[in-house]
Amino acid sequence: MSEKLNRFIRTITLFELLKGLALTGSVWVKSIVTPKAVLVTRQYPEEKRPSFPAFKGHHGFLKDEDGSLKCVGCGICAAACPANAIRIETEEGLQHEKVVTGYEIDAFRCIYCGLCEESCPKDAIVLTQLFELADYENRERYIWKMDRLLAVGEKRPLFRDEIDL
Amino acid sequence: MSGNNLISVTVNDKVYQVPAGLSIIQAADRIGVCIPRFCYLEKLSPLGGCRMCLITVQGIPKLQTACTTPAKDGMVVVTESEEIDKARKATLELQLAQHPLDCFHCDKATRCDLQDLTYLFGDIQHRYDFPRKDLPTLYDNPLIERNLGRCVHCERCVRVCEEIQGADAISATRRGRPTEMREVPGGGECQHCGHCVDVCPVGANLDRLFSHRGRPFQMEEGLSLCPYCGCGCTLSLNTREGRIMRVWPRGDEGVNHGSLCARGRFGWGFVNHPERLARPRIKKNGQLVEVDWEEALLFTATRLEKIIREHGPQSVGGLGSARATDEANYLFQRFMRCVIGNNNIDSSARLGYTAGLTGRLGVAGDVREATLDDVRRAARLLVIGADPVETNPILGLAMKAAIRKGATVVVADPRTTLTSRWASQHFRIRPGSEVPLILALARLLLNERELSAFKDADLLARIALRSEELASLAGMLEGDAAEQTVVLAGRGVTQAPYGASAVAALLRIVAKRGASYLLTVDRNNERGSCEAGVLPDRLPGLAPLSDRERFEKVWGQKVPEQPGLSAYEMLQAARDGKQKAFYIMGENPVDDFPDTRYVEEALSSAEFLVVQDLFMTPTAVMADVILPSASFAEKAGQFTNLEGRVQPYTAVIPPVGQARPDARILVELSRKMGKGFPHKNIVEVREEMNNLVPMKESQRQLACNGLSHAVPGPEVQWGPVEDSDFPYLLLTTASLYRNGAESNLAVGLQKGQERAALRLHPADAQGLGVSDGDSVMVTSKTGEIQVSVRLDDEIAPDTLQLAEGFSDANPKTLFGHEIDPVTRTPMARYVQVKMRKL
């Protein structure tokens, strides 16, 4: 009986509603009162935090001291890649040397495992900290060619807006 | 050394039974015990130079090389022990001490014996710190690079070049560590067979077409058949992303037993050539414009139907292909017979195999046909009017293998060829006298009444042969070793007047003596196209037209009764205005048929010309419709080689652009013309064909009933007629580097030999005032060509030799278009010409 009465009183006084609004109100007041830096939620994309140094993001291609490609086109990265994301083209140069004429990473296929970096005998490819990989445009933008990889490798950007890709 | 005797050998504490007469390494390979090696290769003579195959034999204190030690009964052999390991590691250590270790960009990496053995032995010390000697890489050879630094001095390349190819191009120079395996001046000329690349255990000999274009582990391998000559060699196509990257043989598979020639190995460049036709084209207002398949097929069907309605079915002629598969040729003849409704079907086999076949059909009963293996085992080889080393290089290799086993080879040929240089005796008969030679042999060996009209002295005068020389030639076919005697005949016989009668006479001699014969075949499927029914007077399986009811039952359509026209008769009919349309599948008559101008005029006088081809050939340029077809690598089917062996193969890569296999084009066109073929795939075509033409093992059961041939009389003129305006006699030869239009577009063959060369005797050159490399204009009654000169003192004075197949100087332009009355084959072996210096 008393339980029925209790529920009746709670219903007509809108107790549950007020209880909920109280929580909302307190959080609202708190958010006005507390300084912004202490807040847990980061306001991405206005506010960005760099990824950790060991993060495996966008691939970069490196050059040696004379500014030539470190890559010798041995193809071990392509062989090591579990997702078959790397395509490499080489040709014979004028001095009968091996020339890397094309290097492509299919970003749709890549699983960012970093085996290419690990297997590379010349340390020519790295996975940088750049994590912002999404694009609005067509599929072509996801086939990363040599120029893009070289630009990322040279600049090692932390965020997308540091580099024009 | 009898093969059936077994001996017991104990290897690593186990007793095995092995055949007697093997070396220890051969025995180990057969029982599955692995002994590492660099220099040993089953097909080569053992060298014992690399010291990797060291083993212990009980009772012998020192380590022995397994490749040079014969296995004996009761022998106890140990192949793995600490002592052996130490010795092998020491050998590897020395090899690695001077190896450049440039595996990162070596094209052999991951297929390298040195790499594999280094991984196998693992902990190899590096105690020798002497500076690595920087040996150069040689790029003298346009197709093969020789990286001397990587060489392990196994001498496999030297031995394979000497023992199998017989070219003697590579030799080991200098001694000790700086030994170099290289081509030296004064050595043999490289024939670009590429065998040294295959056998090299490391990356010292490499294919330059493949150089740095990919890594071995990125390649996919697919088996295919060579599209050039009639040998039908098995190729392994190394492809990547649907493109051919390189070609090599697969182990010892196929009729070629692991050997290839320059064409097979380096002639693949046309497949992914940028000039390949990728879309159908139709002539609109005099211009060829690209259209889609639907439009092209509809256009073709409508035009063909209109011509048949207006001028009757006899007004359409068809050329099947001596290059296309058996299935495509089978469908083509069915298309011409059932859909178009006539028997006007021929192919470029008319220039070679068809004449020999007509000769074969003129002999009742069995005549033993040799296989390539029979040639390898032969004790005596008689070669008449053929040059197997250049037309069919693998047959040439079989001949060389026989020679190394002691076979006698006698060549009767007016030309100096690579084959004649291998002969124990070369009879330089008068040009065009192959047929009189065979008739003279027949008179001597057969005693037939038909030939009584001839006089021996008259025949010998025509051949330019003394009677004792003829007797020694006939001696080749007499005596005991008849079973091991093989007669090889080529286009010198089949393209001569009454060539079929000569072939028939030759085969009668062969049959009587119990010998065997083989006809050289220039194109990969000349034989298959004939057996598939691409002949104006024969149905599939060489069945006569009177047998057509059997075919009508299966095809459900009428087969015309009247025999059709052969190639040159069709061309003549077109010139007379009777032939209105041509359907040409994979042939290029403008380039391949003698008398270029005649052929061009005939084709251009036709109202409607359909060409199905890979490239914009001179024939395709004249066409009203061009249907792009798939190359050999892009379609499945079967080819029939010169022995009659039917070999199926599958597609390895997808077709370029919108190109389609020939068989598919024909099926779709037949549907557009309202008499559609029911086949859904190539296997159904093959089954239908095999039901009509039964197979036994890998050979077709052919209807070889006797034909009777007109026997020539003594009044026939064989050989050239003297003409003081045209003082020189030009003889056509074959080239290792060309065979048809495709070979001119293959970059590897262009590198092998870039331009045609007219070979002439230095005395003639002096009279003309030309030297090596000068250009001359060669003129005959029908045409003229410009070509550069190469002096050769081995060829006969007053004769010139020019290879067929080079697009820059086509000897076919110089010939006339007379055809033989029996075989209807045009004559294109010799022509009277004059020359002037340019």
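Residues numbered from 1 in each chain as written. Chains lettered and ligands numbered in written order. Predicted model: local features only at pLDDT ≥ 70, side-chain atom pairs only at ≥ 80, totals over all residues. Heavy atoms only, no water.

## Here's the deal with the layout of surface pockets
All names here are of chain B. Of the volumes computed, that of the largest pocket is approximately 850 Å³. Along its surface, the largest pocket is lined by 34 residues, and Glu189, Cys190, Leu418, Tyr737 and Arg790 are the ones closest to its centre. When residues of the lining of the largest pocket are traced back to their parent elements, those giving at least two are β9 (180-183), α13 (418-422), β33 (757-760) and β36 (799-803). Class assignment of the residues belonging to the lining of the largest pocket gives a composition of 13 nonpolar, 11 polar and 10 charged. (1 Å grid on protein atoms, 1.4 Å probe; cavity = no way out; pocket = protein on both sides within 12 Å on 5 of 7 lines; lining within 4 Å. Points joined across faces, edges and corners; volume = space filled by probe spheres on them. Helix = DSSP H or I, 4+ residues; strand = E, 2+ residues; numbered from the N terminus. Nonpolar A, V, L, I, M, F, W, Y, C, P; charged D, E, K, R; others polar.)

## Let's talk about the pairing of strand β34 (residues 775-779) of chain B
Residues and elements named next belong to chain B. Across the five residues of β34, four count as buried, placing the element largely inside the fold. Summarising the sheet, β34 and strand β35 (residues 784-791) pair through five bridges and their orientation is antiparallel. Pairing of threonine 779 across the sheet is with glutamate 784, part of β35. Hairpin connection of β34 to β35: four residues between the antiparallel strands. As defined by bridge partners, β34 adjoins strand β37 (residues 830-837) across four bridges and the pair is classed as antiparallel. Across the sheet, residue valine 776 finds its bridge partner in β37, namely lysine 837. (Buried < 20%, exposed > 50% of the residue type's maximum accessible area, 1.4 Å probe, protein only. Pairing = 2+ DSSP bridges.)

## Overview of the interface of chain A and chain B
The interface is formed by 17 residues belonging to chain A together with 14 residues belonging to chain B. Contact between chain A and chain B buries roughly 1,200 Å² in total, counting both sides, with carbon and sulfur atoms accounting for 52%. Counting the surface chain A buries against chain B, the share from its top three residues, Glu92, His96 and Lys98 of chain A, is 41%. At the surface where chain A touches chain B, the tally comes to one salt bridge. Residue arginine 87 of chain A is joined to glutamate 241 of chain B by a salt bridge in which the shortest nitrogen-to-oxygen separation is 2.8 Å. Taken together, the links from chain A to chain B amount to seven residue pairs in polar contact (both at pLDDT 80 or more). (Contact = heavy atoms within 4.5 Å. Buried area = accessible area lost by both parts, 1.4 Å probe. Salt bridge = Lys/Arg side-chain N within 4 Å of Asp/Glu carboxyl O. Polar contact = N/O pair within 3.5 Å; in protein donor to acceptor, adjacent residues only side chain to side chain.)

## Considerations on the pattern of salt bridges
Residues and elements named next belong to chain B. Summed over all chains, the structure comprises 59 salt bridges over all chains. A salt bridge links lysine 89 to aspartate 123, with the nearest nitrogen and oxygen atoms 3.0 Å apart. With lysine 89 in helix α2 (residues 82-98) and aspartate 123 in the loop between α3 (113-121) and β6 (137-138), this pair connects stretches of sequence that are 34 residues apart. Given the relative accessible area of 56%, aspartate 123 is considered exposed. Residue aspartate 537 pairs with arginine 824 through a salt bridge whose shortest N-O separation is 3.5 Å. Taken as a pair, aspartate 537 in the loop between α19 (526-531) and β23 (538-539) and arginine 824 in the loop between β36 and β37 lie far apart in primary sequence, 287 residues in all. What emerges from the salt-bridge pattern is a single network uniting Asp326, Glu369, Arg527, Glu531 and Arg700.

## Observations concerning the packing of helix α14 (residues 434-445) of chain B against helix α15 (residues 456-463) of chain B
Residues and elements named next belong to chain B. Interaxial distance between α14 and α15 falls to 9 Å at its minimum, and their mutual angle equals 145 degrees. At the point where α14 passes α15, the crossing takes the left-handed sense. The segment α14 lies against α15, with Pro436, Leu437, Leu439, Ala440 and Arg443 engaging Asp456, Leu459 and Ile463. Split by residue class, the contact of α14 with α15 holds six nonpolar, no polar and two charged. (Axes fitted to C-alpha atoms, helices over the stretch in contact; angles between N-to-C directions. Left-handed = near helix turned anticlockwise from the far one by under 90°.)

## Some words on the nonpolar core
All names here are of chain B. Phe38, Leu381, Leu437 and Leu465 are the most contacted members of the largest nonpolar core, which has 139 residues in total. Setting aside chain neighbours within four positions, we find leucine 465 in contact with Phe427, Ile429, Leu437, Leu460, Leu470 and Leu473. Formed by 47 residues, the second largest nonpolar core is a distinct cluster that contains Ala301, Leu545, Phe551 and Leu669. (Core = buried A, V, L, I, M, F, W, Y, C linked by side-chain atoms within 4.5 Å.)

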